[in-house]
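Chain and residue survey
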Amino acid sequence: MKTKLLGLCLAILMFSCKEENKEEAMATREIQQYTIEQFMDNEAVGGGSFSADNSNLLVSSNRSGIYNVYTIPTKGGEMTAITTSDSTSVFAESYFPNDNRMLLSADGNGDEIDHLFVRDLEGTIKDITPTKGAKALFYGWSEDNQYLYYGSNKRDPRYFDVYKMSIDDYTSEMIYQDDTGLTFSGMSNDENYFALSKSLNTNDSDLSIYNVTTKETTKVNANQSGNSSEDFSKDNSTFYYTTDDGSEFAYLMSYNLDTKEATKVLEKSWDISGAGFTSEGKYMVVYVNDDGKNAIEVLDSKTMKAIDLPDFGDKSITSVGFSDDENWMRMYVGGSNSPSDLYTYNFETKEQHKLTNVLNEEINADDLVTAKVVRYESFDGTVIPAIYYLPKQASVENKVPAMVWVHGGPGGQTRQGFNSLVQYMVNHGYAVLAVNNRGSSGYGKTFYQMDDLNHGEKDLQDCVEGKNWLASQTEIDGDKIGIIGGSYGGYMTMAALTYTPEEFDVGVNLFGVTNWMRTLKSIPPYWESMRKSLYLELGDPFSADSVRLKRISPLFHTDKVTKPLIVLQGAQDPRVLQVESDEIVAGVRKNGVPVEYVLFEDEGHGFVKKENQIESYSRILKFLDKHLKKENAALDGDIESTEIEVEKTN
C-alpha cells in the first residue's frame, strides 16, 4: 500500500511539474494573432443522418461560405457537395429510410419561413411544402418507413398542424389540427397517442396525452411546473417527459399510458435537458446541462446503465446520433477552445473514425483560450455564474481591456462551446466575461424566474456587477470595459448605455430590441402559442404594462447615451425588426456620440454567411480597437458617425 501511495504521489508531482512547465512555456511563447479571415476559415459542420446502408452521412457545412448539404463516407473521406447554393443557406434534415433520397430545408435568407425539399435519386430538388408564407418543420419518419411527419402553419399562421406525407407521391393528410395552442410535442410509433403541450409561462407548461382511438385528452402533470415532452417507448406503452415539479432542476419521468402512473426514472444535480430512444429502442440518450456544458450519457434502455463512450480527454461529446440498425453512432466533439469535429463509432467493431478537421490548419490551437466558469455576487447577494475568457497575453504588467458578453433570450444561457467572435476578440487582447445574469436558464427555476417583469433592472445590475468583477482582476484594465450582446443581449447593451451611462465605455448591439412595445406587438404569428407566456414574463403591451415597457425601452431615452456605439442588424429579421436598429442609431447620433451602423440586406436574426460574419466581426474589432483600446483614435473633437449597408443580389 505504501509503495502504491508513493507511486501516486510521484505521479501527481510529475504531472504538476509538467503542467507548470507547460504554463511557463506558454507564458514565454509569443501568442500569434489571427485575422478574421483565418478564424472564419474554420468550418462549421452540423447534422449527420446515416444512409440506409450506413455507408454515408448527410451533413450541413458552411465550407462554401454559406450552409450547403454534403455527404461524407462513414469511415472517412472527402465530402461530396449535394447542393451548391450561393445565396440561401440549405440544411440537411435526413436521408430517406429506404433509399438515398434526401430531405433538406431552407428559408428565405433568414426570414425563418422554412420549407422542406426532397433531392430525388436523379439529383432533382423539389419543394414538397410549397405554400407561400407557410413554415414547415420535419418531425420524423413513420414506423413502416412509408411516410414522413411534418408540422405546418399553412391552415392558420398562428398554429402548427401535423401532417402525414407519403414518400411515394408526396401527398399529405392532416392527422392533428391545433386550434388552441395545444402544441404537438411527439407521437407514439402506432400513431395512437399524441403528446401535446400548453405553454403557461416561460417556465411552466402543461403536458397532455391525446388518445386517437378514444378521443380522450388526459393531463399528465399534476402541478404547474416546467414540463417537456421527450419520447415514447418503442412498444407504445410509456411516455417519457422531464419536469421540475418539486425541484429546482428538471428530472426524467415515465408515464404509463394504460395505468396513468408516473414514475421518476432519472435525476441529476443539473437539468436533464433532453432524452430519447434510438430507432429500435436499444439505447436511451440523455442530455444534461452541466453548469453550462453539454454532458451526454448513452444508457442501455433495459438496465438504464450508462455504456462506455470514447474518451476525448479535455474535449467533450456535444451531440450524438445513431444509424437505424443502432450499430453506428456519430458524435460531435469539441470544447470552448475548439470547434466541434464529426466522428463515427461502430459498437460492434469498436472502430472510431474522425471525419472532419474543422479548425483552420493555420491556427495553432494552443493560441486559443479555454473558458473558465466563475461566479460572483451581485448587488443583492445573488450569485451570478459566468464564463470567463482571459487572453493568454494578459498579465499584471500587461493589463487588457474587457467586454461583458450578454446572451440572447431572455431566458437564454451562454455555454462553454466554441464561439468564433469570442475567440477572435480574446486572441486580439480582449478579455470576455459571458454573464449568465438572473433569468438565465440552466441554474434552477428560482434563478430563471428572478428577472420576470424587471428586465433592464436587476438583470442589468448583474451585468454591472460583472463589470465590477472584471475591474477587480489584476490582469484587467478597469478603465476599459465595454458591453456586447445579441437580441436580448443587444437590448441589455442599449439598456446599459442608456440607464447606466457611466458604467461601460463602449457598446456593441447586435440586432437588439430597443422598443419592447413594438417588438411584443409584432412577434411572428407562429409564436402565438407562446404569446401569453412572453407577456407574463416581459409585460403585456396592450395593458397598463405598457407604461413600464416604455420606461425600460432604450429608444425613448437615447438622450442619455454618451458612449461610442456600434449596431449590427439583418434586414430580413422577423424577430427584431430593422426599424429597431434604424431608430436607435438615429436617436443616439443626435447626441453627437460616435455611432457605426452595419446593415446586412440578406441576413435574419443572426448572421450565418461567412462573408457577412467576416464583415461584422472585423467591424466590431476595429470599433473596439479605436474606442476601447483607443488605438488610432480620432483627434479630440473629431466625431465619427459611419454607416455601411452590405447588399446582396439573389
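The preceding data block contains the structure.
Here's a quick rundown of the structure. (Residues numbered from 1 in each chain as written. Predicted model: local features only at pLDDT ≥ 70, side-chain atom pairs only at ≥ 80, totals over all residues. Heavy atoms only, no water.)

1. Brief notes about the sheet that holds strand β4 (residues 80-81)
Here four strands make up an open sheet; going across it, the order is β1-β2-β3-β4 and the pairing antiparallel. Each edge of the open sheet is held by one strand with a lone partner, namely β1 (45-50) and β4. Taken together, the six bridges between strand β2 (residues 56-61) and strand β3 (residues 68-73) define a ladder with antiparallel strand orientation. If you follow Leu-57 over to β3, its bridge partner there is Ile-72. (Pairing = 2+ DSSP bridges. Helix = DSSP H or I, 4+ residues; strand = E, 2+ residues; numbered from the N terminus.)

2. Let's talk about the nonpolar core
The nonpolar side chains of a soluble globular protein tend to be buried, and buried together. Formed by 69 residues in total, the largest nonpolar core has its most connected members in Val-404, Leu-433 and Leu-470. Ranked by residue count, the leading element in this core is helix α6 (residues 488-499), at seven residues. Aside from chain neighbours lying at most four places away, what touches Leu-433 is Val-374, Tyr-376, Ala-386, Ile-387, Tyr-388, Met-403, Val-404, Trp-405, Gly-466, Trp-469 and Leu-470. (Core = buried A, V, L, I, M, F, W, Y, C linked by side-chain atoms within 4.5 Å. Buried < 20%, exposed > 50% of the residue type's maximum accessible area, 1.4 Å probe, protein only. Contact = heavy atoms within 4.5 Å.)

3. Regarding the pattern of salt bridges
Counted under the stated rule, the structure contains 27 salt bridges. With a shortest N-O distance of 3.0 Å, Arg-155 and Asp-179 are connected by a salt bridge. Of this pair, Arg-155 sits in the loop between β10 (147-152) and β11 (161-166) while Asp-179 sits in the loop between β12 (172-176) and β13 (183-187), and the two are 24 residues apart along the sequence. Judged by relative accessible area, Arg-155 falls into the partly exposed class, the value being 34%. With relative accessibility at 41%, the residue Asp-179 sits in the partly exposed group. Notably, a salt bridge pairs Arg-531 with Glu-528, separated by 3.0 Å at the nearest N-O pair. You can see Arg-531 and its partner Glu-528 sitting in helix α8 (residues 528-538), three residues apart, about one turn around the helix. Assessed through its relative accessible area of 18%, Arg-531 is described here as buried. With a relative accessible area of 21%, Glu-528 lands in the partly exposed category. Because the salt bridges share partners, they merge into one network encompassing Arg-155, Asp-161 and Asp-179. (Salt bridge = Lys/Arg side-chain N within 4 Å of Asp/Glu carboxyl O.)

4. Side note on the environment of Ile-72
Its location among the elements puts Ile-72 in strand β3. It is 41 Å that separates the C-alpha atoms of Ile-72 and Asp-204, two residues lying 132 residues apart in sequence.

5. Re unusual backbone geometry
Of note, the bond from Gly-409 into Pro-410 is cis; its omega dihedral lies within 30 degrees of zero at 0 degrees. Tracing the chain through its elements places Pro-410 in the loop between β31 (400-406) and α3 (420-427). Even without a glycine there, the phi angle at Lys-260 is positive, about 65 degrees. Relative to the helices and strands, Lys-260 resides in the loop between β19 (251-256) and β20 (262-266). A residue is classified by how much of its surface remains accessible, and Lys-260, at 43% relative accessible area, is partly exposed. Phi is positive for Met-304, which is not a glycine, with a value near 60 degrees. Relative to the helices and strands, Met-304 resides in the loop between β23 (293-300) and β24 (305-306).

6. Points about the sheet that holds strand β8 (residues 125-127)
Strand order across the open sheet formed by four strands is β5-β6-β7-β8, with antiparallel pairing between neighbours. Of all strands in the sheet, those bounded by a partner on one side alone are β5 (90-95) and β8. With direction set aside, neighbouring strand axes in the sheet form an average angle of 30 degrees. Looking at chain direction, strand β7 (residues 115-119) and β8 are connected through three bridges and run antiparallel. Its bridge partner being in β8, Val-118 is matched across the sheet by Lys-126. (Axes fitted to C-alpha atoms, helices over the stretch in contact; angles between N-to-C directions.)

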